[in-house]
Amino acid sequence: MKYYNLKDNTEQVSFSQAVKQGLGRNQGLFFPEHIPAFDNVEELLELGLVERSVEVLAPFVEGDLTKEELLQVIDSAFNFPAKVNSVTENVASLELYHGPTLAFKDFGARFMAQCLSRFTDGEKITILTATSGDTGAAVAHAFHGLDNIEVVILYPKGKISLLQEKMFTTLGGNIRTIAIEGSFDDCQALVKQSFDDKELAKAIGLNSANSINISRLLAQICYYFEALAQLKAQQNDKKVVLSVPSGNFGNLTAAMLAKALGLPIERFVAATNANDTVPRYLQTGEWAPNDTVATISNAMDVSNPNNWPRIEFMLQEGIIDKSSLTSKMIDEEQTQAAVIALNNLGYLSEPHGGVAYKAMVNELSEDEVGLFLGTAHPAKFKEVVESILGCPLALPKELADCASEQILSIDMAPDFAELRKFLLA
Ligand SMILES: Cc1ncc(COP(=O)(O)O)c(C=O)c1O
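The structure reproduced in this document is the subject of the present report. Please read these numbers as outputs of a predicted model, since none were measured by experiment.

## Some details on the sheet that holds strand S5 (residues 91–95)
Turning to step 1, where the next piece is worked out: With mixed pairing, six strands are arranged side by side in an open sheet as S4-S5-S13-S10-S11-S12. Bordering the open sheet on either side are strand S4 (83–88) and strand S12 (325–329), each of which pairs with just one other strand. Each strand of the sheet is rotated relative to its neighbour by a mean of 25°, with strand direction disregarded.
Turning to step 2, where the next piece is worked out: Of the strands in this sheet, S4, S5, strand S10 (239–245), strand S11 (265–272) and strand S13 (368–374) touch helix H10 (residues 214–235), which is tilted by about 45° from S4.

Written as structure tokens, this is what we have:
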């Protein structure tokens, strides 16, 4: 399979090249040259997660990985489940937080790490990534200890939860972390500038593990198939509405690719917090990002989502029908009310899941079942969940283990010259 640059379709690369390169010329995103349509979705849904994922992803890696190699990659990457949990008769949650860093990013980061370590052939690589919360932990854990791979993670100082920070800043070894005195958008801009600096990129073998990397998106397609396989039992022929808590819109991109492959998702709700560039854009047609504002669903505090060009492309090309996408902003009060409402239904959630639940729950028709994503374990947002619900939360082992470790980050101004010096040192 070839992947082409959405900003310059004369740039066409193989899957392995797209994974190694991350971004194309002029910061263009890679996109598959064609999306196969499966006519055997029903049969695929009968398979287990690993076996099915091999079938789903095989066309996308053709020419770079044999099916056997892909099986090895997926078998070691997806060594934890995605779970559909019923909340009410017509609402369920897709829990994507049962991996080592308790967030959906474990799927993509682990798949990418496995692919990349096969594709690098001993050459030295630096993964430079920006995180608004969970990517950092997932990437750090997925790449920790891998030979010839250095990881540098930028995050907005003081704008992620302490536990989130501890999960990726305490590992040491090949994982270095920088607290940037600015917003997540500043971090993302620094990553983009680094990629634009060809001399720097070449000198350190620059690669990004952000959700712009196509391998991460491909991995995420797999859990939507798993969700529908599990949902079938309680679905009663109802149509599936998927509500996705969105920041950089990687998760929604993967969901749309899954639908394009033939997975019967009826429609999507793109749920955002006050960083509502997309809902406003879909309403007015004007792309007008505001300054990023801090919210309790902090991993979605993104005003210029980096995956949007892929979604825009799918909508423009008719790969996804525009009528199947709505988008809604959920404010802080509504988010808190949603976490409380879910708790009253006997379901423990957190602000990101709360945003997704709230954006969809009152708009389901009789013949629809709503599936909202649980993108992170509630305990990852312990302080905020405890203050909303007024009761203490227990820490799962993964978090308890790192809570007492020391943060090893350095602080840095959002200054490209300084970052460049650090990377070259
Ligand atoms: C917990 C959580 N929910 C939602 C999101 C948003 O996902 P995406 O950037 O794919 O839209 C993130 C991204 O960091 C996250 O960590």
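Picking up after the structure, the text goes on.
## Points about the packing of aromatic side chains
Turning to step 1, where the next piece is worked out: Under the defined criterion, the tally for this structure stands at 16 aromatic pairs.
Turning to step 2, where the next piece is worked out: Ring centres of Phe78 and Phe107 lie 5.4 Å apart, and the angle between their planes is 70°; on these two criteria the pair is classed as edge-to-face. Placement of Phe78 in the loop between helix H4 (67–77) and S4 and of Phe107 in helix H5 (residues 105–119) is noted, with a sequence separation of 29 residues between them. Across the pair, Phe107 and Phe78 agree in class, each one buried.
Turning to step 3, where the next piece is worked out: Judged by centre distance (5.5 Å) and plane angle (85°), the ring pair of Phe249 and Trp308 falls under edge-to-face.

## Describing empty space enclosed by the protein
Turning to step 1, where the next piece is worked out: One pass over the full model with this rule turns up four cavities of 30 Å³ or more.
Turning to step 2, where the next piece is worked out: Estimates place the volume of the largest cavity at around 280 Å³.
Turning to step 3, where the next piece is worked out: Along the wall of the largest cavity there are 24 residues; nearest its centre are Phe104, Lys105, Gly247, Asn248 and Ala299.
Turning to step 4, where the next piece is worked out: Of all the elements in the fold, those that place two or more residues in the lining of the largest cavity are helix H6 (134–143), H10 and helix H11 (250–261).
Turning to step 5, where the next piece is worked out: Taken together, the residues that form the lining of the largest cavity break down as eight nonpolar, 13 polar and three charged.

## Here we look at the sheet that holds strand S14 (residues 410–412)
Turning to step 1, where the next piece is worked out: Taken in spatial order, the five strands line up as S9-S6-S7-S8-S14 in an open sheet, and their pairing is parallel. Edge positions in the sheet fall to strand S9 (206–207) and S14, since each has one partner strand and no second.
Turning to step 2, where the next piece is worked out: Summarising the sheet, strand S7 (residues 149–156) and strand S8 (residues 175–180) pair through six bridges and their orientation is parallel. In the strand pairing of S8, Ile153 is matched with Thr177.
Turning to step 3, where the next piece is worked out: Docked against the sheet, helix H8 (residues 184–196) engages strand S6 (125–130), S7, S8 and S9, running at close to 150° with respect to S6.

## Things to note about the site of the ligand
Turning to step 1, where the next piece is worked out: Within the structure, the ligand sits among 16 residues, and Lys105, Gly247, Asn248, Phe249 and Thr375 are positioned closest to it.
Turning to step 2, where the next piece is worked out: Lys105 is positioned with one of its side-chain polar atoms (N or O) 2.5 Å from an oxygen atom of the ligand.
Turning to step 3, where the next piece is worked out: The separation between an oxygen atom of the ligand and a polar main-chain atom of Asn251 is 2.9 Å.
Turning to step 4, where the next piece is worked out: Considering the ligand on its own, with 390 Å² of exposed area, one finds that the protein chains cover 98% of that surface.
Turning to step 5, where the next piece is worked out: The pocket occupied by the ligand, as judged from atoms lying within 2 Å of grid points, is the largest cavity.
Turning to step 6, where the next piece is worked out: Considered class by class, the residues forming the shell around the ligand number six nonpolar, eight polar and two charged.

## Some words on the packing of H6 against helix H7 (residues 162–169)
Turning to step 1, where the next piece is worked out: Packing of H6 against H7 brings their axes to within 8 Å, and their N-to-C directions diverge by 25°. In terms of orientation, H6 lies roughly parallel with respect to H7. Here H6 and H7 pass one another in a crossing that is left-handed. Along the contact surface, H6 presents Asp134, Gly136, Ala137, Ala140 and His141, while H7 presents Gln164, Met167 and Phe168.
Turning to step 2, where the next piece is worked out: Of the residues assigned to the contact of H6 with H7, the class counts are four nonpolar, three polar and one charged.

Reading the values: the criteria
Residues numbered from 1 in each chain as written. Predicted model: local features only at pLDDT ≥ 70, side-chain atom pairs only at ≥ 80, totals over all residues. Heavy atoms only, no water. Pairing = 2+ DSSP bridges. Helix = DSSP H or I, 4+ residues; strand = E, 2+ residues; numbered from the N terminus. Axes fitted to C-alpha atoms, helices over the stretch in contact; angles between N-to-C directions. Contact = heavy atoms within 4.5 Å. Phe/Tyr/Trp six-rings, centres within 6.5 Å; stacked < 30°, edge-to-face > 60°. Buried < 20%, exposed > 50% of the residue type's maximum accessible area, 1.4 Å probe, protein only. 1 Å grid on protein atoms, 1.4 Å probe; cavity = no way out; pocket = protein on both sides within 12 Å on 5 of 7 lines; lining within 4 Å. Points joined across faces, edges and corners; volume = space filled by probe spheres on them. Nonpolar A, V, L, I, M, F, W, Y, C, P; charged D, E, K, R; others polar. Near = heavy atom within 4 Å. Polar contact = N/O pair within 3.5 Å; in protein donor to acceptor, adjacent residues only side chain to side chain. Areas by Shrake-Rupley, 256 points an atom, 1.4 Å probe, with all protein chains shown as cover. Sits in = over half its atoms within 2 Å of the grid points. Parallel < 35°, antiparallel > 145°, perpendicular 65-115°, else oblique. Left-handed = near helix turned anticlockwise from the far one by under 90°.

Take it as geometry only, folks, not as evidence of what the structure does.
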